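Descriptive structure summary
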Amino acid sequence: MASRGKWGSRVGFILAAAGSAVGLGNIWRFPYITGKNGGALFVLIYFGCVVVLGLPVLLAELAVGRATCKNPVGAFQALRPGAKWHYTGYLGVVTAVMILSFYSVIAGWTVGYCCKTICGHFAAPGRGEVAAVFSAFIASPWLQIALLAFFIFLTVFIVSRGVAAGLESFARVLMPALFLLLLLLMGYSLTLPGAQKGLAFYLMPDFSEINGRVFLEAMGQAFFSLSLGMGTMLTYGSYLKKKENLVTAAAWVAVLDTSIAVLAGFIIFPALFSMNMAPDQGPGLVFAILPEIFAKIPGGMMFGAFFFLLLAVAALTSTISLLEVPVAFLIDERNWPRRRASVLVGGAALAFGIPSALSGGGVKFLSRLPLVHVDFLSLWDKVWGNISLSVGALLIAIFVAHVWKTSRALEEITAEGVRFRLARLWTIAIKYVCPLLILVVLVSQFF
Ligand code: TRP
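Described below are features of the structure shown in this document. (Residues numbered from 1 in each chain as written. Predicted model: local features only at pLDDT ≥ 70, side-chain atom pairs only at ≥ 80, totals over all residues. Heavy atoms only, no water.)

1. Some words on the overall build of the protein chain
The secondary structure content of the protein chain amounts to 17 helices and 0 strands. On C-alpha atoms alone, the protein chain measures out to a radius of gyration of 21 Å, which is about the 22 Å that the 2.2 N^0.38 rule sets for 447 residues. Seen through its principal axes, the protein chain has C-alpha atoms that stretch 60 × 50 × 45 Å. Across the 447 residues that make up the protein chain, the buried fraction comes to 58%. Considering only contacts in the protein chain between residues 6 or more positions apart, those separated by 24 or more positions represent 84%. For the protein chain, the accessible surface area stands at approximately 17600 Å², while carbon and sulfur atoms represent 70% of it. (Helix = DSSP H or I, 4+ residues; strand = E, 2+ residues; numbered from the N terminus. Rg over C-alpha atoms; globule rule 2.2 N^0.38 Å. Buried < 20%, exposed > 50% of the residue type's maximum accessible area, 1.4 Å probe, protein only. Contact = heavy atoms within 4.5 Å. Areas by Shrake-Rupley, 256 points an atom, 1.4 Å probe, with all protein chains shown as cover.)

Rendered as structure tokens:
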């Protein structure tokens, strides 16, 4: 058996798992999806999804990973040999490559914006200028591809060096710094004139806006933000020692992840309404708002550059965890060396990422082809970042509750005398609530 790495310490694991969870999902995706879905009511449903679906599935993934010490494909095979359940693992491996492909495009934007801020492109923006800079930026095909390639290269470089050395040291420094900076920005944003309108949008639910799509987007966002539904947390759990407490680890990850998303909302929405901009402008939202904020703060350029740098590092700890899933699969199941697996999967993600990198519409001669008019980035985000993760989470919940059985999962969770007071609640959630709810929300989309 090839020797598998283990996390160096408990805090190291929590930070690495939180590092996977906290990323563009919190600071880029959460505000844009919230804006698109009408604000406060979406946020409320999102919280519900984190508690009722996210936490139980998170614990289930960690338990399967640690019980088997395997990658997603191997884990399902080990617990149910000869069955077809390991296709859930394959779905996860494919989903990982696809999410990595478009996620790295956005991560490339953060790197680009860091440089742009340093170079003073946003020093004193006039009306509509930030938006114009953004459109020109995403419509530069070579720049977009170069940034995408750069980011994937960074991820491959770190993953090819292995688990503990590659991941823990990164997560350790980043999280507190990012948190502090977000707090400062929130303080500033809340004092802007007209901030109240933004707060109302963000905090006062309007129940007339409810529809099936809001539920799907909230559920998908919960899985996306917590890195669930494709075996990331399963793989991270497989590097965890038996004596660690899965329950507290899961709780910490969920609390950290959700609070960072909430903070991001407190920065974006007051500023957005203060500047009279539309909340439903899609994936470009935070890239239109943040430079405006930095331009107004004293010393804002330095601040802004540092912020985009931190955001890039937060994205990096997430892309690392995405790449780790297919890499762990190739190492365990195909006996590939780590280096080769990282480079090849990274190359595949780069190839699949190119359509997303070009969806800003800069390639003129391509625009005659009908397919090019599809916004690939949003499409991929929806298909892989939402639907596929929800299907994956559904399969994992059914597997743990009805195939592997909750009694065995609970044995794993409470190994070495760990107490789990909410065991009954978790059992009900993973057996009935998660499968039914996910299924209903998914199926309702067809009507
Ligand atoms: N959760 C990360 C974020 O919020 C992104 C991410 C990393 C992810 N690994 C994942 C999403 C696995 C889904 C599945 O930015």
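2. Topic: the pattern of salt bridges
Opposite charge on two side chains permits them to pair, given that their charged atoms come into close proximity. Counted by the stated rule, this structure contains 6 salt bridges. Ionic pairing is found between Glu217 and Lys36, a salt bridge with its closest N-O pair at 3.0 Å. Here the residue Glu217 occupies a position in helix H10 (residues 212-225), and Lys36 occupies one in helix H2 (residues 24-36), the gap between them amounting to 181 residues. Since its relative accessible area comes to 5%, Glu217 is described here as buried. For Arg338, the salt bridge goes to Glu324, with nearest N and O atoms at 3.0 Å. In this pair, Arg338 is assigned in helix H15 (residues 338-357) and Glu324 in helix H14 (residues 300-334), connecting sequence segments 14 residues apart. (Salt bridge = Lys/Arg side-chain N within 4 Å of Asp/Glu carboxyl O.)

3. Considering the environment of Asn211
Topologically, Asn211 is positioned in the loop between helix H9 (195-203) and H10. Overall, the relative accessible area of 38% leaves Asn211 in the partly exposed class. Spatially, the C-alpha atoms of Asn211 and Lys36 are 13 Å apart, while their sequence positions differ by 175 residues. A polar side-chain atom of Asn211 sits 3.0 Å from the main-chain amide nitrogen of Val214. (Polar contact = N/O pair within 3.5 Å; in protein donor to acceptor, adjacent residues only side chain to side chain.)

4. A few points about helix H7 (residues 141-159)
Across its 19 residues, H7 extends 27 Å between first and last C-alpha, which sits within 8% of the 27 Å expected from 1.5 Å per residue. Those residues of H7 that fall on the buried side of the exposure criterion are Gln144, Ile145, Leu147, Leu148, Phe151, Ile152, Thr155, Val156, Ile158 and Val159. (Expected span 1.5 Å × (residues − 1).)

5. What to know about the packing of aromatic side chains
How two aromatic rings sit relative to each other is given by the distance of their centres and the angle of their planes. Evaluation of the coordinates by the stated rule reveals 28 aromatic pairs. When the centroid spacing of 6.1 Å and the interplanar angle of 15° are considered together, the rings of Phe134 and Phe287 count as stacked. In this pair, Phe134 is assigned in helix H6 (residues 129-138) and Phe287 in helix H13 (residues 285-296), connecting sequence segments 153 residues apart. Each of the two residues, Phe134 as well as Phe287, counts as buried. Taken together, the ring pairs in this structure connect Trp109, Tyr113, Phe122, Phe134, Phe137, Phe287, Phe294, Phe307 and Phe308 into an aromatic cluster. Over the ring of Phe224 we find Arg29, and its NZ or CZ is 4.5 Å from the ring centre. Above the face of the Trp336 ring, Arg340 is positioned so that its terminal group lies 4.9 Å from the ring centre. (Phe/Tyr/Trp six-rings, centres within 6.5 Å; stacked < 30°, edge-to-face > 60°. Lys NZ or Arg CZ within 6 Å of the ring centre and 35° of its normal.)

6. Regarding helix H16 (residues 376-413)
In an α-helix there are 3.6 residues to a turn, and that puts residues three or four apart on one side. In a regular helix each residue adds 1.5 Å, so 38 residues correspond to 56 Å; H16 covers only 40 Å between its end C-alpha atoms and thus falls short of that length. Along H16, the helix axis deviates most sharply at Trp404, where the bend reaches about 100°. Sitting at the head of H16, Asp375 places a side-chain oxygen 3.2 Å from the backbone nitrogen of Leu377. (Bend = angle between axes of the 7 residues up to and from the residue.)

7. A word on a nonpolar patch on the surface
Where nonpolar side chains cluster on the molecular surface, the patch consists of Val51, Val52, Ile428, Tyr432, Val433, Leu436 and Leu437 and spans about 590 Å² of accessible area. Put simply, the parts of the chain that give the nonpolar patch at least two residues each are helix H3 (40-68) and helix H17 (423-444). In terms of residue count, H17 provides more of the nonpolar patch than any other element does, 5 residues in total. Of note, Tyr432 is situated in helix H17. The partly exposed category is assigned to Tyr432, whose relative accessible area is 47%. (Patch = residues over 30% accessible without salt bridge, like charges linked within 9 Å, V, L, I, M, F, W, Y side chains within 5 Å.)

8. Quick word on the nonpolar core
With 162 residues, the main nonpolar core has Phe307 and Trp426 as its most contacted residues. In terms of residues, this core owes the most to one element, helix H12 (residues 246-274), which gives 19 residues. Setting aside its immediate chain neighbours within four residues, Trp426 contacts Pro56, Leu59, Ala60, Val400, Thr406, Ala409, Leu410, Ile413 and Phe420. (Core = buried A, V, L, I, M, F, W, Y, C linked by side-chain atoms within 4.5 Å.)

9. A short note on the site of the ligand
Looking at the ligand, there are 17 residues lining it, with Ala21, Gly25, Tyr103, Phe224 and Ser227 nearest. Residue Ala21 places a main-chain N or O atom 2.8 Å away from an oxygen atom belonging to the ligand. For the ligand, an oxygen atom lies 2.4 Å from a polar atom in the side chain of Tyr103. Here the ligand, which alone exposes 360 Å², has 100% of that area covered by the protein. Within the residue set of the shell around the ligand, elements represented by two or more residues are helix H1 (10-21), H2, helix H5 (86-118), H10 and H14. Split into classes, the residues belonging to the shell around the ligand amount to 8 nonpolar, 9 polar and no charged. (Near = heavy atom within 4 Å. Nonpolar A, V, L, I, M, F, W, Y, C, P; charged D, E, K, R; others polar.)

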